[in-house]
Amino acid sequence: MVTSPAASRRSSWAGRNYTLLTAAAIITNLGGHGALIAAAFAVLDAGGDGGDVGLVAAARTLPLVLFLLIGGAVADRLPRHRVMVAANSLNCVSQAAFAVVVLAGDPQLWQMLLLAALGGTGQAFFGPASEGMLLSSVSGEQAGRAFALYRMAMQGAGLGGAALGGLMVAMIGPGWVLAVDAVAFAAAGALRAFLDVSHIPPRAPGGGLLADLRDGWREFTGRPWLWSIVAQFSVVVAVVGAAESVFGPLVAEDELGGAGPWGLALGAFGAGTVCGALLMTRWKPRRLLLAGTLCVFPLAAPSAALAVPLSVAGLAAVLFVSGVAIEVFGVSWMTAMHQEIPEEKLSRVAAYDWFGSIAMVPLATALAGPAEQAIGRSPSLWGCAVLVVVVTAAVLFVPDVRNLTRRTKEVAASQGPTAQGPTSPGPQGAGVQETVSLEKPSA
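Everything quoted here is computed from the prediction, not taken from an experiment.

Here we look at the overall build of the protein chain
When helices and strands are tallied, the protein chain shows 18 helices and zero strands. Across the 443 residues of the protein chain, 57% fall into the buried class. Carbon and sulfur atoms make up 68% of the accessible area of the protein chain, which totals about 17100 Å².

Right, here's the structure in full:
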């Protein structure tokens with residue numbers, strides 16, 4: 001067999017699927033991070049207030065909550081790359097339509113709500129398929145490094161996308177940024193169409209969709225470290241999401257100078273995630289989840305910084321540190337999932353993970369505006385910060401969170417074969433095992 005020079009230069013774990021997934025993630029993150037800023041300022045430019053921004057954010061997340069579990073079951077039944085391409089196509093169409101109504105002038109709130117909901121529906125099917133595909137495309141003891149490099153590329157693109165998106169919104173308006181995101185979805189979907197799923201064993205005939213969901217639920221609830229951290233993130237993601245998608249643009253508009261400075265501050269977060277991912281290419285904490293959970297505490301700091309509010313430079317510094325911290329958690333979480341969850345259940349478990357993590361986001365974003373009116377913006381943001389600290393401290397009382405250990409050849413040999421637990425096959429079906437999600441960062 002002849003090996004191409006490009007293939008020979010790649011590490012053994014960086015196969016064709018890994019390369020395609022990384023390239024596609026770079027493209028979508030370049031467009032997507034700018035589009036989030038653009039959507040918020042499109043609402044404000046149309047005469048909306050904080051409540052309207054929260055409603056659009058909630059409209060994007062509500063279908064994600066409703067369809068995630070179905071998306072996970074579908075992704076474990078059908079070829080995952082086809083699910084990803086179909087979802088990217090829906091996102092492309094919805095963002096293109098969003099761009100058209102904004103560029104045409106006088107976009108209506110109901111139009112923005114509908115198009116945001118279509119985008120969330122696409123993400124509900126894309127997320128579990130993407131995470132399952134990534135986790136099954138890497139093998140060996142270098143899996144954690146592969147995840148870190150993937151996330152570094154993805155977050156680096158997010159850094160550029162947020163900074164460039166904020167500047168583009170300020171210079172040429174949000175409609176064009178949304179149009180760029182539509183093109184990015186089309187390009188990424190084209191790359192994902194070439195993913196190879198031949199290494200994934202065909203599913204044996206069995207029950208229907210409900211049976212698959214019950215099987216995934218048993219896998220999810222049978223692991224205390226899994227459900228407890230997902231419960232933690234149901235609160236963390238909700239309050240951080242409300243702070244970033246609703247309060248952040250409002251503070252930027254009133255105190256920091258608008259979309260440009262806010263985009264630069266979010267760019268600092270992206271820079272932190274790149275540095276955090278780079279750190280995790282070298283650092284392999286033995287107690288995966290303990291190290292990761294300790295790094296969730298800094299996620300309280302951005303809400304506190306917005307509550308003060310700090311200057312753009314101070315806010316950027318806080319966001320940089322929180323970006324480093326979330327990547328330590330993200331890589332540790334992906335490594336634990338890769339190590340502990342069987343390949344044929346990856347997308348379903350990922351769907352329960354995503355579902356639990358974002359279930360409260362629509363409520364939090366929808367209530368952000370009313371909370372500001374009832375108790376004020378600053379007290380609302382301080383409340384977000386306190387909630388992050390409280391739930392993160394609580395999850396440290398779960399023994400499995402403190403004690404789950406990275407599996408190495410030496411550990412496996414000393415524990416014997418019965419201690420191995422389920423592992424997911426690598427690209428050629430070898431049983432070994434490294435996350436987005438989400439944001440938990442998404443893939």
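A closer look at the packing of aromatic side chains
Going through the model one piece at a time under the given rule, you end up with seven aromatic pairs. These aromatic residues form a ring-pair network of at least three members: Trp225, Phe233, Phe329 and Trp333.

Looking at the nonpolar core
Soluble globular proteins: nonpolar side chains tend toward being buried together. By size, the foremost hydrophobic cluster in this structure holds 111 residues, and its most contacted members are Trp225, Leu226 and Trp333. Top contributing element to this core by residue count: helix H9 (residues 224–256), with 18 residues. In terms of nonpolar packing, the next biggest core, distinct from the first, is built from six residues, Met280, Ala325, Val328 and Val331 among them.

As for the side chain of Glu372
Counting through the fold element by element, Glu372 comes out in helix H15 (residues 361–375). Accessibility expressed as a relative area gives 19% for Glu372, which makes it buried. Only 2.7 Å separates the side chain of Glu372 from the side chain of Arg377, close enough to count as a polar contact. Excluding residues that lie within four positions of it along the chain, Glu372 makes contacts with Phe247, Leu250, Arg377 and Ser380.

Details of the pattern of salt bridges
If charged atoms from side chains of opposite charge come close, those side chains can pair. Applying the stated criterion across every chain, the model contains five salt bridges. Here Asp254 ties to Arg377 by a salt bridge, and the two come within 2.9 Å at their closest N and O atoms. On the criterion of sequence distance, the pair formed by Asp254 in helix H9 and Arg377 in helix H16 (residues 377–395) is long-range, its members being 123 residues apart. Judged by relative accessible area, which is 49%, Asp254 ranks as partly exposed. Among the ionic pairs, Arg377 bridges to Glu372, the shortest N-O distance being 2.7 Å. Connected via shared salt-bridge partners are Glu219, Arg223 and Glu340.

Here's the deal with the packing of helix H5 (residues 109–135) against helix H14 (residues 346–358)
Two elements in contact, H5 and H14, have axes whose closest approach is 8 Å; the angle formed by their N-to-C orientations is 130°. Between H5 and H14, the angle falls in the class oblique. Where H5 crosses over H14, the handedness of that crossing is right-handed. Contacts between H5 and H14 involve Gln123, Gly127, Pro128, Ala129, Glu131, Gly132 and Leu135 on the former and, on the latter, Leu346, Ser347, Ala350, Ala351, Asp353 and Trp354. Residues belonging to the contact of H5 with H14 are distributed by class as follows: seven nonpolar, four polar and two charged.

A few points about helix H7 (residues 174–192)
Helix length check: H7, at 19 residues, gives a terminal C-alpha distance of 27 Å against a target of 27 Å (1.5 Å per residue), a fit within 8%. Among all positions of H7, only Pro174, Gly175, Val177, Leu178, Asp181, Ala182, Ala184, Phe185, Ala188, Gly189 and Arg192 are buried.

A few points about the environment of Pro79
In this structure, Pro79 sits in the loop between helix H3 (50–77) and helix H4 (80–103). With relative accessibility at 29%, the residue Pro79 sits in the partly exposed group. Separated by 54 residues in the primary sequence, Pro79 and Met133 place their C-alpha atoms 9.5 Å from one another.

What to know about unusual backbone geometry
Going from Val308 to Pro309, the amide bond is cis rather than trans, its omega being -15°. Looking at where Pro309 falls in the secondary structure, it is placed in the loop between helix H12 (301–307) and helix H13 (312–340). A positive phi angle is found at Asp106, which is not glycine, with a value near 55°. Looking at the element boundaries, Asp106 is found in the loop between H4 and H5.

Overview of the confidence of the model for the protein chain
Taken over all residues, the pLDDT of the protein chain has a mean of 78, while the share at 70 or more is 85%. Within the model, pLDDT remains below 50 along residues 1–10, and this stretch shows four contacts once partners closer than five positions in the same chain are excluded. Low pLDDT (under 50) marks residues 410–443, which in the prediction has 103 contacts with non-local residues, meaning those over four places away or in another chain.

With respect to helix H8 (residues 209–221)
With 13 residues, H8 extends 18 Å between its outermost C-alpha atoms, agreeing within 8% with the 18 Å of an ideal straight helix rising 1.5 Å per residue. Those residues of H8 that sit buried are Asp212, Leu213, Gly216, Glu219 and Phe220. Seen along its axis, H8 keeps its buried residues to an arc of 120°; they face one direction. Summarising the geometry of H8, the exposed residues directed more than 90 degrees from the buried face are Leu210 and Arg218.

What counts, and at which threshold
Residues numbered from 1 in each chain as written. Predicted model: local features only at pLDDT ≥ 70, side-chain atom pairs only at ≥ 80, totals over all residues. Heavy atoms only, no water. Helix = DSSP H or I, 4+ residues; strand = E, 2+ residues; numbered from the N terminus. Buried < 20%, exposed > 50% of the residue type's maximum accessible area, 1.4 Å probe, protein only. Areas by Shrake-Rupley, 256 points an atom, 1.4 Å probe, with all protein chains shown as cover. Phe/Tyr/Trp six-rings, centres within 6.5 Å; stacked < 30°, edge-to-face > 60°. Core = buried A, V, L, I, M, F, W, Y, C linked by side-chain atoms within 4.5 Å. Polar contact = N/O pair within 3.5 Å; in protein donor to acceptor, adjacent residues only side chain to side chain. Contact = heavy atoms within 4.5 Å. Salt bridge = Lys/Arg side-chain N within 4 Å of Asp/Glu carboxyl O. Axes fitted to C-alpha atoms, helices over the stretch in contact; angles between N-to-C directions. Parallel < 35°, antiparallel > 145°, perpendicular 65-115°, else oblique. Left-handed = near helix turned anticlockwise from the far one by under 90°. Nonpolar A, V, L, I, M, F, W, Y, C, P; charged D, E, K, R; others polar. Expected span 1.5 Å × (residues − 1). pLDDT = per-residue confidence, 0-100. Arc of directions from axis to C-beta.

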